[in-house]
Structures are given as C-alpha cells and as structure tokens.
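Structure assessment
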Amino acid sequence: MRDAVIVEAVRTPIGRGKPNGALHDVHAVDLLAHSLREVVDRSGIDPALIDDVIGGIVTQVGEQGANMTRRAALAAGYPESVPATTVDRQCGSSQQAIHFAAQGVISGAYDIVVAAGVESMGRIPMGASMIGGGDFSGVGFAERYPEGLVSQGISAELIAARWGLTRTQLDEFALGSHEKAALATKNGSFARELAPIASLETDEGIRVGSTLETLGKLRPAYYDEAMAARFPEIGWAITAASASQVSDGSAALLIMTSERARELGLKPLARLHSFAVAGDDPLLMLTAVIPATRKVLQRAGLQISDIDLVEINEAFSPVVLSWAQDTGADLSRVNVNGGAIAIGHPLGASGARLMTTLVHAMQERGARYGLQTMCEAGGLANATIIERL
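The structure displayed is predicted, hence computed values, not measured ones.

1. Some points on the overall build of the protein chain
Secondary structure summary: the protein chain contains 13 helices and 10 strands in total. Taken over C-alpha atoms, the radius of gyration comes to 20 Å for the protein chain, in line with the 21 Å a tight globule of 389 residues would show. Referenced to the eigenvectors of the C-alpha coordinate spread, the extents of the protein chain come out at roughly 60 × 45 × 45 Å. Burial analysis of the protein chain (389 residues in total) assigns 59% to the buried set. Accessible surface, the protein chain as shown: approximately 15,000 Å² in total, 50% of it carbon and sulfur. In the protein chain, which carries 32 positive and 43 negative side-chain charges, the distance between the mean positions of the two groups comes to 3 Å.

2. Let's talk about the packing of aromatic side chains
Counted under the stated rule, the structure contains 3 aromatic pairs. Centre to centre, the rings of Tyr222 and Phe316 are 5.9 Å apart; their planes meet at 70°, and the pair counts as edge-to-face. Of this pair, Tyr222 sits in the loop between α7 (212–215) and α8 (225–230) while Phe316 is found in the loop between β8 (309–312) and α11 (317–327), placing the two residues 94 residues apart along the sequence. Taking relative accessible area as the criterion, Tyr222 reaches 27% and is therefore assigned partly exposed. Centre to centre, the rings of Tyr223 and Trp236 are 5.0 Å apart; their planes meet at 70°, and the pair counts as edge-to-face. One end of the pair, Tyr223, is in the loop between α7 and α8; the other, Trp236, is in the loop between α8 and β6 (247–256), with 13 residues separating them in the sequence. By relative accessible area, Trp236 is classed as buried at 12%. Taking the ring centre of Phe190 as reference, the NZ or CZ of Arg11 above it sits at 5.0 Å.

3. Details of the nonpolar core
Within the largest apolar cluster, 54 residues are counted, with the highest numbers of intra-cluster contacts made by Ile307, Trp323, Leu371 and Ile385. Tallying contributions element by element places helix α10 (residues 289–300) first for this core, with 6 residues. Beyond its immediate stretch of four places on either side in the chain, Ile385 contacts Arg271, Leu272, His273, Ser274, Val296, Leu297, Ala300, Leu302, Ile307, Tyr369, Gly370 and Leu371. Formed by 35 residues, the second largest nonpolar core is a distinct cluster that contains Leu36, Ile45, Ala73 and Tyr78.

4. Things to note about the environment of Thr293
When you line up the elements, Thr293 lands in helix α10. A sequence separation of 17 residues divides Thr293 from Ala276, and the C-alpha atoms of the two residues are 7.8 Å apart. Other than its neighbours up to four places away in sequence, Thr293 contacts Ile304, Trp323, Thr327, Leu371, Thr373 and Ala383.

5. Quick look at unusual backbone geometry
What is expected of a backbone is that most residues other than glycine have negative phi and most peptide bonds are trans. The backbone phi angle of Ala66 is positive, close to 55°, even though this residue is not glycine. Within the secondary structure, Ala66 sits in the loop between β3 (52–56) and α2 (68–75). Of note, the phi angle at Asn335 is positive, near 45°, even though the residue is not glycine. Mapped onto the elements, Asn335 comes out in the loop between α11 and α12 (340–343).

About the cut-offs
- Residues numbered from 1 in each chain as written.
- Predicted model: local features only at pLDDT ≥ 70, side-chain atom pairs only at ≥ 80, totals over all residues.
- Heavy atoms only, no water.
- Helix = DSSP H or I, 4+ residues; strand = E, 2+ residues; numbered from the N terminus.
- Rg over C-alpha atoms; globule rule 2.2 N^0.38 Å.
- Buried < 20%, exposed > 50% of the residue type's maximum accessible area, 1.4 Å probe, protein only.
- Areas by Shrake-Rupley, 256 points an atom, 1.4 Å probe, with all protein chains shown as cover.
- Lys, Arg positive; Asp, Glu negative; His and termini not counted.
- Charge placed at Lys NZ, Arg CZ, Asp CG, Glu CD.
- Phe/Tyr/Trp six-rings, centres within 6.5 Å; stacked < 30°, edge-to-face > 60°.
- Lys NZ or Arg CZ within 6 Å of the ring centre and 35° of its normal.
- Core = buried A, V, L, I, M, F, W, Y, C linked by side-chain atoms within 4.5 Å.
- Contact = heavy atoms within 4.5 Å.

Laid out in structure tokens, this is it:
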C-alpha cells in the first residue's frame, strides 16, 4: 500500500507585514521561491523529479495572482517541465496543499510533490482581492443569512463570550505564546526549519517583556457600536495582543512515498497519517477546528490523549482556548514553541509553516503523533495527523 511521507520541511523567518517589515521589499514570487529552492537544496534531489508543486495563497491578486506558484517555481530554478498550481482554502490554503499533495502521492497520481505556501501581507493587503467586487454573496446566500455574517474579529469575540473566556485568560494565553516562541528562538529550536532571507534570521514579531498589566492597557481591537447592539453578550475582550499578527513569509515541504525516499537515499521525518476537513457555523466562523479534530481522530483511530504535540493556528486566543475546552486537549502539548500570536500569520503560508514547525518539534522531542488544525474563513477547518518515523 502506498503512503506519503515528509522528507524535508523549511520556512522563512516570519516578518512583520508592514512597510517597515524586514521582508517588505522581497517580491512575493521571490519570497515563495526561496522556500521552494531551499527544500530541494536541503534534500539534494534533482528538481526534475518533482511531479507537481502545490502552493497555498489567500490573496490571489496583483503579484500574488495568476497562479503565482508557477512563477515562483521557475524563479526557484525548477525545470520548466515541473508544473505548479495554486489553491485557496483561506488561512488553511497551504495545509490543504499538503493534503492534496499527500492524497495525490497515496493515490498514485504523484511520486514526489512540493507543498508550499506564501503570503506577503505587507505588499498585498488582506482583502485586496475583494476590492471593487460589489456583491460577493448573491441572492441564495443572503436569504440563508439575512442578518449577515461578521468579520473574524467579531466572530472571535462571540467565541470568547459563548465559551466564557475572560480578558485575563486571553491575555495570559497571548503572553505564553510570546514566551514560548522567545525561548524556542533562544534555544535554537527553530534553527533546523529556518531558511534566513533578506538578512532576517529569526521571526520578527516575537516580543519579550510584556506583562498582564501592560496588555491590560490595550483597547479592544474590534469594538463596533452596531455589533454591540446586535450581540450584547460580547465583552469586547480581544485586543491586538490576543490576535495573530499580519505577516510576510513562506514555507515548503517535500512529500513522496516512503519507497521513493528509500530509492533516493532520503530519511523521512514523518508519515502523513490521516486527513480531515470540516465546516461549522459561518457566523462563529473559527470553530470548525473542533469538529475537524474529532473527525481526523476518528479516522486515525486515536484519542486526543494519544497526540503528543499539537499545532493549532492562533488566529485569536479564544480559538485555541475554546478548542481545548471542547476537545479536552492538554494545553502543555499545544504550540510548544509559540504560535501565530507571537510568530505571525502570513495567511497562505501558515498551514505549511505550522506543519514545518510541528515536524521539527516532533523530531526534537521524540514525539510519535502530531496534530495540526487551522480555522479558516467561512466556518472551515483542516486537520492533519502525522506520525514521526
């Protein structure tokens, strides 16, 4: 029976997605090309052997539009014979790229695939692909949701309210993310996965020295008078500190069958064990990680207690805390090197970034099973279980 294994996983350091961010002057094509080039160089394979490159990008407009993954593969020096495509499952785009790559390998459609992702949020702002589009929903959608959906920030506030999460809990989680990421950086835990670029050698957004007192002075990030009237239960507890950072970055993973890895003399890092995607209430938007986790565990024949390490995207503090409440996950095993609140969330790159971090953390800690899950706009989520080899 065919399988799919990860033999290499790399990422750029994550830069702040602002005009003064360290990666702002790196064109999005070159940003992705850097990880695509590095994942091949580290493995030592001939890139002509690659059957496909699948890249995740969320804001597919401007320099990130028109199947940019193809241009990035050519910019990375891949032969013109190597095809490439681009997918969009919002924040889970490159996790979905990993799913498609692994499923293609397992099915026999591919032998070797690169799954990757990129987002240059400082150059191509979030939402830019929807500017000037007018009505994005149509009649049927509007009839189903007559009161309208809300922004992700409001969804996060609704989750905090409905799961009874306090401002202090959200701020404590955010502080912990920065503390873990800073320690991982200091200890060299990220060293194996990082491919420095543009003089940036470590993640730019990690902060040290904050306290609950300083975070307590921050104003609510998403307060809206109309939303307050519509949802009086909201406590307006989310600030810039408990939300993920706007970021620039890329990541790439080399996926193939274990048989092909043996033929090429490569040692797999992990086997892609089980996959799931799930949908949930699009008003809450960010809660599908809960059914996605249950679904992938059931498919794998595992319990949450069997999972040694978890990477769940820290879109907002309440996403992780509500997920932990409902799944019973041990938070000491979750995002052990920090998450998107500290490291950053370069939309299309984040799925591949989380998987890269998870694979290397499992190697460092001798973990057997790892779980990755991400909330995605529209009430969606991907979930993946990998097994260290």
